[in-house]
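# Coordinate analysis (summary)
Here is how the chains run, residue by residue.
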Amino acid sequence: MLSIGRAVGIAVIAAAVVAGCSRKPANRPSPSRINTDSLLREQARQDSISRANAARAAAAAAAGVAAAAGPPTNAPVSPSERTIIGSTVYFDLDESALTEDARSALEGKAPVLLRHPNLRIRITGHADAQGSDEYNLALGLRRAAEAKRYLSALGVPENRVEIVTMGEERAAVQGNTEEAYALNRRAEFEVIAGG
Amino acid sequence: MNQRYLTVAAFIAVAAAITGTRACAQDTTTTPPAPRPGVRLGLSYPSGTTPKVLVMPVDSTPGDSVRAIIQRDLDFSDRVTPLVLDEETLRGMTPTNGQDYNYSLFSSLGVAAIVQARPIANGYRVALYDVSVGKRLESRDFRVLQMPGNRDATLVDSIAGTTSRREKVLHDSVYRVLKRRADLMRRPPLKKDTRGRRFVVRDSVRRDSAATVYLERQLARWEEDRRDSVDASITRTATRLARQDSADRISAAEGQRMSLHRISDEVERWITGRAGIAATRIAYVHGGLVRVVDSDGENDRALTRRGLSMSPSWHPRADRIVYSRFLEGGAGTQIEEIEVASGKSRVISGRGLNITPVYSHDGCYVVYSSGSESGTDLMMVGVDNPDAIQRLTFGRGSDNGSPTFSPDGRQIAFFSSRSRFPQIYTIDADGTNLQLLTPFTPGVRSYRAAPDWSPDGRAVAYEQQNGDFQVWMINIRDKEPRRLTSEGENEGPSWAPDGRHLSISSTRGGSKQIWILDTESGRFRQLTRNAGARLSSWSAMLTPTP
């Protein structure tokens, strides 16, 4: 006859075995999971903050631009105005956000555009040779769009500015140096009508 | 609210499109299902090794090239090791009629299998011998395209013959017209005198000679004019036919090589149980042109003729390629499709920023990336219905591009910069169920782009920046990333149909070229000889032309 103690012992062992089988194997270090939603929300928040800041800065600059422009004129675009319009704007690595220099360059272009209401321009966004040729096309467009957005915040009507991208396909400077890359991350401006 | 509305609209549009698939599915030119491989006893060799295979010399011209092509294909497969012995030795080892191979001799050389091709009418009889068992394992007749004859020599003569017959008829009729005019000149004219009476001028000798001179001169002038234009016409026609001839020969040569590659692929199936990938092509971009090259690096040629094109991607039937092309005058880029055999192209998308197109797994749709001032997002368009465009991603101003379908067509992987630096995400084919595929540490710069989903569905290859750019792959199931390259810069991976080899643009040899990587052994081989080659796309298996 089995002692009660022994029977209980066997039962406990059996239960432990069953539990052991049903329990998942020891936790292996699983690849780190990232909560995409919270990341995207955070990114959207950051974007909206920087957009709001940019809008405030643009509003402040817009008054100065309007004053600098003066009344609209039918006079031909002067060589110096043409140089201002045609000057290239540069960007940081993998960035479409406008730098301080880029903003002041655009604040120089806007009065010329406001003074000559028939002037239409095309902005071509470019990228350096680093990274995916295909992603760089999209990046170039984002740079051109950012420049256009700032011009329109400064009062230049949207329908007077076209944007295109050449990605990394048309380097301004050949070579695989940081200097060459910096000169190739750019937006170029050309007059397409009214000049 | 607006977002939800758009999602619903997209879903409805996609649902409508899926219903519309039938029209595309009715296309009778779709490939027939591949024959199911039957049960068979394969070559026995230790697993995890690559068996040594001997390709015997082939008796015919250009038999040596036949042997060379098959031998090289087997080498490039990375699944077997062709044993290279000089031809004299091998001819001595070839049994004469009715006799068997000296298997023990081959066995002592470590040979596991012997491939023997013998020319027959219209092709080759190919047999595989298992050395360890000492008998023939497989044998099959393969049709190989014959080269057309050269008609250059007789070409100009035959055109000239036809032309001279035609010219004689023309000459006769011109002569008749001029003769009639000359006869009129010979007729004595009537004139009136001062009183109004008519009289006949009798000066027949002068009139006769004038008419004769007229006839001769006019005819001579006509003949001269005609000769110049006839010569020009013969030259033109001869040139046109010669060009057609050479195009025919090129396509026949390509077809002949492809049918030999198919032999290699089947021999590989006999040996390893899995068909090879020699009968494939790789598309890539060089100098702005879309080019195609056979899997062994031969027949490298440009498909597009001018302009700047990017991102070629094969149709699942491997007979056409979709790509994006820059338009003149800053008008942006558009999606176009080109037939490989004919070189005929047509426009698929509108103008603007339209880039990185791919066909859906059934070839009925093209998914591409379309840019505007408010970001770059994935769009889906019916190949035969370019007006029905559905938006698949809503990146809120971010960049979304380089789509790649899972082999079952249910999911799309793509890059997105929605979390600042581009990462690889997946969505369902209707645009729902967004998932991050490549884990990353927020704030740390880890750029990932150019994804390509493997044909077996197991993994996605992509490029990643760790200082420089290297190719990685990530397993779909456990999300375990694995680095595949380290030498030079390596970008833009594209899977072969075997889900094992990748075409990659790499600077490992100095200039940027397309290289082939065997992801199992790590072996690299250079495919192209065009500095600056990039953006490669590996085709599906090429089906034989009917």
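Residues numbered from 1 in each chain as written. Chains lettered and ligands numbered in written order. Predicted model: local features only at pLDDT ≥ 70, side-chain atom pairs only at ≥ 80, totals over all residues. Heavy atoms only, no water.

So, on to the overall build of chain B. The secondary structure content of chain B amounts to seven helices and 31 strands. Taking as baseline every contact in chain B between residues at least 6 positions apart, the subset at least 24 positions apart corresponds to 46%. Total accessible area on chain B stands at roughly 27,400 Å², and carbon and sulfur atoms take up 51% of it. (Helix = DSSP H or I, 4+ residues; strand = E, 2+ residues; numbered from the N terminus. Contact = heavy atoms within 4.5 Å. Areas by Shrake-Rupley, 256 points an atom, 1.4 Å probe, with all protein chains shown as cover.)

Turning our attention to the pairing of strand E17 (residues 375-382) of chain B. Residue and element names in this part refer to chain B. In terms of burial, E17 is largely enclosed, as eight of its eight residues are buried. Along E17, one buried face is formed by Gly375, Asp377, Met379 and Val381 and the opposite face, lined by Thr376, Leu378, Met380 and Gly382, is buried too. The sheet contact formed by strand E16 (residues 365-372) and E17 spans eight bridges and is antiparallel. Paired with Tyr368 across the strands is Met379, a residue of E17. (Buried < 20%, exposed > 50% of the residue type's maximum accessible area, 1.4 Å probe, protein only. Pairing = 2+ DSSP bridges.)

Ranked by size, the top nonpolar core spans 37 residues in total, and within it Leu106(A), Leu113(A), Ile121(A), Ile123(A), Tyr150(A), Leu151(A) and Phe189(A) carry the most contacts. Those elements that place two or more of their residues in this core are helix H2 (36-69), helix H4 (100-115), strand E2 (120-126), helix H5 (133-153), strand E3 (161-167) and strand E4 (186-193) of chain A together with strand E15 (353-359) of chain B. Counting residues per element, this core draws most heavily on H5(A), which supplies seven residues. Apart from residues lying up to four places away in sequence, Leu106(A) is in contact with Leu98(A), Ala147(A), Tyr150(A), Leu151(A), Leu154(A) and Phe189(A). Judged by nonpolar contacts, the second largest core, of 23 residues, contains Val58(B), Val80(B), Val115(B) and Val267(B). (Core = buried A, V, L, I, M, F, W, Y, C linked by side-chain atoms within 4.5 Å.)

Okay, the side chain of Asp430(B) next. Residues and elements named next belong to chain B. If you trace the backbone, Asp430 turns up in the loop between strand E21 (423-428) and strand E22 (435-436). Buried Asp430, no salt bridge; nearest opposite-charge side chain is Arg410, N-O distance 11 Å. Of note is the side chain of Asp430, whose polar atom sits 2.7 Å from the side chain of Thr432. (Lys, Arg positive; Asp, Glu negative; His and termini not counted. Salt bridge = Lys/Arg side-chain N within 4 Å of Asp/Glu carboxyl O. Polar contact = N/O pair within 3.5 Å; in protein donor to acceptor, adjacent residues only side chain to side chain.)

What follows is about H4(A). Compared with an ideal rise of 1.5 Å per residue, which puts 16 residues at 22 Å, H4(A) spans 24 Å between its outermost C-alpha atoms and is within 8% of the ideal. Of all the positions in H4(A), only Ala102(A), Leu106(A), Lys109(A), Ala110(A), Pro111(A), Val112(A) and Leu113(A) are classed as buried. (Expected span 1.5 Å × (residues − 1).)

Once that is clear, we can look at the interface of chain A and chain B. Interfaces are often described in size by the accessible area the parts lose on coming together. Each partner contributes residues to the interface: chain A has 34 residues there, and chain B has 42 residues. Summing both partners gives a buried area of about 3,100 Å² for chain A against chain B, and 59% of it is carried by carbon and sulfur. Our enumeration of links across chain A and chain B arrives at five salt bridges. Note that Glu169(A) is salt-bridged to Arg534(B), the shortest N-O span being 2.6 Å. Our count for the chain A to chain B interface comes out at eleven residue pairs in polar contact (both at pLDDT 80 or more). The set of elements that each furnish at least two residues to the side of chain A that touches chain B consists of H2, H5 and E3 of chain A. Ranked by the residues each element gives to the side of chain A that touches chain B, the list is headed by H5(A), at twelve residues. Taken together, the residues of the side of chain A that touches chain B sort by class into 14 nonpolar, eight polar and twelve charged. (Buried area = accessible area lost by both parts, 1.4 Å probe. Nonpolar A, V, L, I, M, F, W, Y, C, P; charged D, E, K, R; others polar.)

All names here are of chain B. For Asn122, which is not a glycine, the phi torsion comes out positive at approximately 65 degrees. On the basis of relative accessibility, which here comes to 47%, the residue Asn122 falls in the partly exposed class. One non-glycine residue, Thr356, adopts positive backbone phi at about 45 degrees. Locating Thr356 in the fold gives a position in strand E15.

Residues and elements named next belong to chain B. One open sheet accounts for five strands, arranged E2-E1-E3-E4-E5; its pairing is mixed. Single-partner strands in this sheet number two, and they are strand E2 (81-82) and strand E5 (135-143). When strand E4 (residues 123-130) meets E5, the two strands line up antiparallel, connected through eight bridges. If you follow Ala127 over to E5, its bridge partner there is Ser139.

All names here are of chain A. Running from N to C, helix H3 (residues 79-86) and H4 point in directions that differ by 125 degrees, and their axes come no closer than 8 Å. Comparing their axes, H4 and H3 come out oblique. Between H3 and H4 the crossing geometry is left-handed. Mapping the contact onto sequence places Glu81, Ile84, Ile85 and Gly86 in H3 and Gly108, Lys109, Val112, Leu113 and Arg115 in H4. Among the residues making up the contact of H3 with H4, the classes are represented as four nonpolar, two polar and three charged. (Axes fitted to C-alpha atoms, helices over the stretch in contact; angles between N-to-C directions. Parallel < 35°, antiparallel > 145°, perpendicular 65-115°, else oblique. Left-handed = near helix turned anticlockwise from the far one by under 90°.)

Moving on, we come to the packing of H4(A) against H5(A). All names here are of chain A. Packing of H4 against H5 leaves a shortest axis separation of 9 Å and a crossing angle of 55 degrees. The angle between H4 and H5 places the two elements in the oblique class. The way H4 lies across H5 gives a crossing that is right-handed. Mapping the contact onto sequence places Arg103, Leu106, Glu107, Lys109, Ala110 and Leu113 in H4 and Ala147, Tyr150 and Leu151 in H5. Here the contact of H4 with H5 is composed, by residue class, of six nonpolar, no polar and three charged.

This next bit is on the sheet that holds strand E28 (residues 501-509) of chain B. Residues and elements named next belong to chain B. Reading across from one edge, E27-E28-E29-E30 is the order of the four strands in this open sheet, with antiparallel pairing throughout. Since the sheet does not close on itself, it has two edges, and those belong to strand E27 (490-495) and strand E30 (524-526), each with one partner. Each neighbouring strand pair of the sheet contributes to a mean axis angle of 35 degrees, computed without reference to strand direction. With four bridges connecting them, E27 and E28 associate as antiparallel partners.

The next thing to look at is a negative patch on the surface. A contiguous patch of negative charge, built from Glu224(B), Asp225(B), Asp228(B) and Asp231(B), is present on the exposed surface. As for its position among the elements, Asp231(B) is in helix H7 (residues 204-272). (Patch = residues over 30% accessible without salt bridge, like charges linked within 9 Å, V, L, I, M, F, W, Y side chains within 5 Å. Charge placed at Lys NZ, Arg CZ, Asp CG, Glu CD.)

Next up on the list: the confidence of the model for chain A. For chain A, mean pLDDT is 83; residues scoring 70 or higher make up 81% of the total. Every residue in residues 11-32 of chain A scores below 50 in pLDDT, and together they form three contacts with partners more than four places removed in sequence or on other chains. (pLDDT = per-residue confidence, 0-100.)

What follows covers the confidence of the model for chain B. All names here are of chain B. Residue-level pLDDT values for chain B average 86, and 88% of them are 70 or greater. In this model residues 12-23 is a low-confidence stretch, pLDDT under 50, and it forms twelve contacts with partners more than four residues away in sequence or in other chains. Here residues 25-33 is modelled with pLDDT under 50, and outside its nearest four sequence neighbours on either side it reaches six contacts, counting other chains as well. Two summary scores accompany this predicted model of the complex, namely pTM at 0.78 and ipTM at 0.78.

All names here are of chain B. Applying the stated criterion across every chain, the model contains 42 salt bridges over all chains. Across the salt bridge formed by Glu336 and Arg325, the nearest N and O atoms sit 2.8 Å from each other. Linking Glu336 in strand E13 (residues 333-339) with Arg325 in strand E12 (residues 320-326), this pair joins segments that are eleven residues apart in sequence. Note on Glu336: relative accessible area 5%, which makes it buried. For Arg325, a relative accessible area of 22% gives the class partly exposed.

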